[in-house]
Amino acid sequence: MAEKTSEATAEKFAPVGMAIGAFNPLGETARSDADYESIKRRFAEERDRRLAYRPEGSGQYIFELEGPLARYAVDPHAGEIAERPPIDDEVECLFIGGGFSALLTSARLRERGVESIRIVERGADVGGTWYWNRYPGVACDVPSYDYLPLLDELDYVPLNRYAKGPEIYAHCRAIAKKYGLYDLAVFQTTVTSTVWDEAERTWEVRTDRGDRMRARFVICANGTLSKPKLSKIRGMESFRGHSFHTSRWDYAYTGRDLSKLADKVVGIIGTGASAVQSIPRLAVAAKELYVFQRTPSSIDLRNDWATDPNWARRLKPGWQAKRREKMLRGPELSDEQKAQMAALSRDEKVRRQENANIDYMMRIHERIDAIVEDKVTADALKPWYMFMCKRPCFDDEYLPSYNRRNVHLVDTKGKGITEITAQGPTFEGTPYALDVLIYATGFEVQKTGIYNRIVGEDGRDLDEKYRDGVRTLFGIHTQGFPNLFIMGGYQASFQFNLTDILQTQGDHIADCIDHVRRSGFRTIDVKPEAEDWWVEQVIEHRGKTTRNQECTPGYYNFEGAANRRQDGNYNGGMVRYYSHMRDARAAMDQSFDFEK
Ligand SMILES: Cc1cc2nc3c(=O)[nH]c(=O)nc-3n(C[C@H](O)[C@H](O)[C@H](O)COP(=O)(O)OP(=O)(O)OC[C@H]3O[C@@H](n4cnc5c(N)ncnc54)[C@H](O)[C@@H]3O)c2cc1C
């Protein structure tokens, strides 16, 4: 077991980024300048081709699944919606959503003595992402020892280096039980409006179940990837076979072990993270499997292993907190390395980072050539864009799936499927008759207030406030919306391990609420100048590279829209993000207005 070796231990404690395409700015890169330039030209050509097919950007998707499409959003995991009378009451802290954001922030609030905490959740349980996504193969792509929050508090060590979906879902439930979060939780309930009541100085939260809940503090924890979206494809309603979205996996149709697919021709649209995890399992189970690909993902080795029980036994209390502290401190460089780094110009750093990213992508290509036997299929699976333009994926069985005779890659070369008939998708005149079509088309990204209209002081709608660009402090506070906190939204820092961000935000929010309560204030709101400053910070750091314009379209760059100013994540790095928040908390009066 690799956890025993010192090399593996070093890797385990390395930042996530080191595991996925190590970049050493002081190291040498592998190719000639001419080679790098030629690869970049190919990246640009591929990008332009894809953009030309979809000039409408995010407009190519359907976000509101209504009418005949409403069934794609129905919860297949819950039974009938349990009848209950509408709620009319008041709580101190109300979370919209019941995923990790809500759970870990609630834990921090409990530690600070907050008793009245309610989670309102659309699904029938807590878990968020890990409640909804139960497709075969669902697993986390970040080492579990970092991804799963509150491991110290729950005295739990994950079973594997990469946790599988059911284990993560069980961990969510365990958190909710430990911190007594089921007591006031309300499930199968969608918040539809969150309105600031000026007179009472509370939030009034209305739901699709007729509830009228009041809350002193509201935390928008609605998730970064929780609202499924579909591509707009001509004729999709006419398909006569069965169909569903990956986040609403229909086990009644497929069978729990997928055995009901043995005589079925299965199609899957999309080759992003959910598809990459489900395709190997579908490949084994289905009679025939057609994979409709627009842009390939980068697929690296997963190299999972079971946690070594001896290693787990030797962990000292507080081990996860120590890992996290190390992550927040950032990479440790020697004095000599620091001096060398300081001597590099910004352009040189960018150049070296780009070259290292290209080297990484070329290694991804080499893996494909080594594994996929058919040359045409292998070439079609090669991603031609810079590392991290699209979310990287890790699966050891994905590429070998294409060596199976029942698996067929339909490479649409950036075009995507544009037509579906009663029988199935058609591409360039070739129809593909299917029994079942699975949409692995992803989610609406990082939107605050999904299914929910948020109205702050003076009747101001949050979407209206954001019309000319998102405005927040740290992606958490937005002026004119007192006692409201946002998690997982834009203008927060970005980490491949999302729970790094969420925990940092949760700690910050719990500290702010604690400060308001202990100081005898009623409300906290961000000062306009603090918000202005942060928007400038976001713009300044987003302007550092031309990456956004150069990347192949995808959800990381608004489907290729040119740099959308402040409407994105803060690119100044996690260490800086964290220290800005720490500084703000050390001198609350400088960033926030408080009212008694
Ligand atoms: C398939 C998949 C795989 C992922 N893998 C990784 C990974 O490997 N590593 C990683 O770091 N991250 C991963 N993520 C991102 C993942 O979403 C986060 O890591 C984390 O779980 C987000 O937690 P959250 O609480 O912010 O949001 P979520 O878990 O999305 O929870 C939000 C909840 O809010 C509910 N909700 C939304 N609006 C309302 C409303 N108006 N009323 C009531 N309820 C509402 C939703 O139903 C949802 O349950 C993955 C996401 C997906 C979809």
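Residues numbered from 1 in each chain as written. Predicted model: local features only at pLDDT ≥ 70, side-chain atom pairs only at ≥ 80, totals over all residues.

### Here we look at the overall build of the protein
To keep it simple, the criterion reads: Think of it this way: any DSSP run of H or I at least four residues long counts as a helix, any run of E at least two long counts as a strand, and we number them from the N terminus. In this scheme the burial state of a residue depends on its C-beta neighbours within 10 Å: 20 or more other such atoms mean buried, 12 or fewer mean exposed, and anything in between means partly exposed; the C-beta positions come from the backbone. Residue pairs are scored as contacts if the distance between their C-beta atoms, which are placed from the backbone, is within 7 Å.
Looking only at helices and strands, the protein has 22 helices and 23 strands in total. Seen through its principal axes, the protein has C-alpha atoms that stretch 70 × 65 × 55 Å. Counting every position in the protein, which comprises 596 residues, the buried fraction comes to 41%. Across the protein, every contact between residues at least 6 apart in sequence was considered, and the portion connecting residues at least 24 apart equals 78%.

### Side note on the sheet that holds strand β10 (residues 265-269)
This is how the line gets drawn: DSSP calls a pair of strands paired once it identifies at least 2 bridges connecting them. The angle between two axes is taken between their N-to-C directions and runs from 0 to 180 degrees, where each axis is a line fitted to C-alpha atoms and a helix contributes only its stretch in contact.
Overall, parallel pairing links the five strands, which are arranged β9-β18-β10-β11-β14 in an open sheet. Single-partner strands in this sheet number two, and they are β9 (242-245) and β14 (407-411). Strand-to-strand twist across the sheet, computed as the mean angle between neighbouring axes with direction ignored, equals 20°. Both strand β11 (residues 288-293) and β14 contribute to a ladder of five bridges, which runs parallel. The residue bridging Tyr-290 from the neighbouring strand is His-408, located in β14. Against the sheet, helix α10 (residues 273-285) contacts β10, β11 and β14, and its axis sits at roughly 170° relative to β10.

### As for the pairing of β11
Put simply, the rule is: A right-handed crossover is one whose linking path, passing over the helix from the first strand to the second, runs clockwise when the strands point away from the viewer.
Most of β11 is tucked away: five of the six residues are buried. Examined bridge by bridge, β10 and β11 share five bridges and lie parallel to one another. Looking at β11, one finds that Ile-268 is bridged to Val-291. Traced from β10 through α10 to β11, the parallel crossover comes out right-handed.

### Re the site of the ligand
Condition: Any residue whose C-beta atom, as placed from the backbone, lies within 6 Å of a molecule or strand is termed near it. Charged means Asp, Glu, Lys or Arg here, nonpolar means Ala, Val, Leu, Ile, Met, Phe, Trp, Tyr, Cys or Pro, and polar covers whatever is left, Gly included.
Neighbouring the ligand are 39 residues; Gly-97, Gly-99, Gly-128, Gly-223 and Leu-498 lie closest to it. Here the shell around the ligand is composed, by residue class, of 18 nonpolar, 18 polar and three charged.

### Here's the deal with the pairing of strand β18 (residues 436-439)
If a strand is regular, its side chains alternate between the two faces of the sheet. Across the two faces of β18 the burial is the same, with Val-436 and Ile-438 and Leu-437 and Tyr-439 all buried. Examined bridge by bridge, β9 and β18 share four bridges and lie parallel to one another. The residue of β18 that forms the bridge with Ser-243 is Leu-437. Where β10 meets β18, four bridges bridge the pair, whose relative direction is parallel. Its bridge partner lying in β18, Gly-267 is registered against Leu-437.

### As for the nonpolar core
Inclusion rule: By convention in this section, buried Ala, Val, Leu, Ile, Met, Phe, Trp, Tyr and Cys residues joined through C-beta atoms within 7 Å make up a nonpolar core.
Core analysis: the largest hydrophobic core is formed by 76 residues, its most contacted members being Cys-93, Leu-103, Val-218 and Ile-219. At eight residues, helix α18 (residues 498-518) tops the list of elements feeding residues into this core. In contact with Leu-103, other than residues within four places in its own chain, are Val-126, Cys-172, Ile-175, Ala-176 and Leu-181. Core analysis: the second largest hydrophobic core is formed by 51 residues, Ile-39, Ala-283, Ala-285 and Tyr-385 among them.

### Focus on helix α19 (residues 528-542)
Basically, it comes down to this: Expected span of a helix: the number of residues minus one, times 1.5 Å. Along the arc lie the directions from the helix axis toward the C-beta atoms.
Compared with the 21 Å implied by 1.5 Å per residue over 15 residues, the 21 Å span of α19 between its first and last C-alpha is a close match. Along α19, the residues that are buried comprise Glu-531, Trp-534, Gln-537, Val-538 and Arg-542. Buried residues along α19 cover an arc of 120° about the axis, so they all sit on one side. Summarising the geometry of α19, the exposed residues directed more than 90 degrees from the buried face are Pro-528, Glu-529, Glu-536 and Glu-540. As for α19, its buried residues are in contact with β22 (523-526).

### Describing unusual backbone geometry
With a phi angle near 55°, Asp-458 is a residue other than glycine that sits in the positive phi range. If you trace the backbone, Asp-458 turns up in the loop between β20 (453-455) and α17 (462-465). Judged by local crowding, Asp-458 falls into the exposed class, with 8 C-beta atoms found within 10 Å. For Gln-491, which is not glycine, the phi torsion reads 75° and is therefore positive. Topologically, Gln-491 is positioned in the loop between β21 (484-486) and α18. For Gln-491, a count of 27 C-beta atoms within 10 Å corresponds to the buried category.

Coordinates in, geometry out; function isn't part of it.
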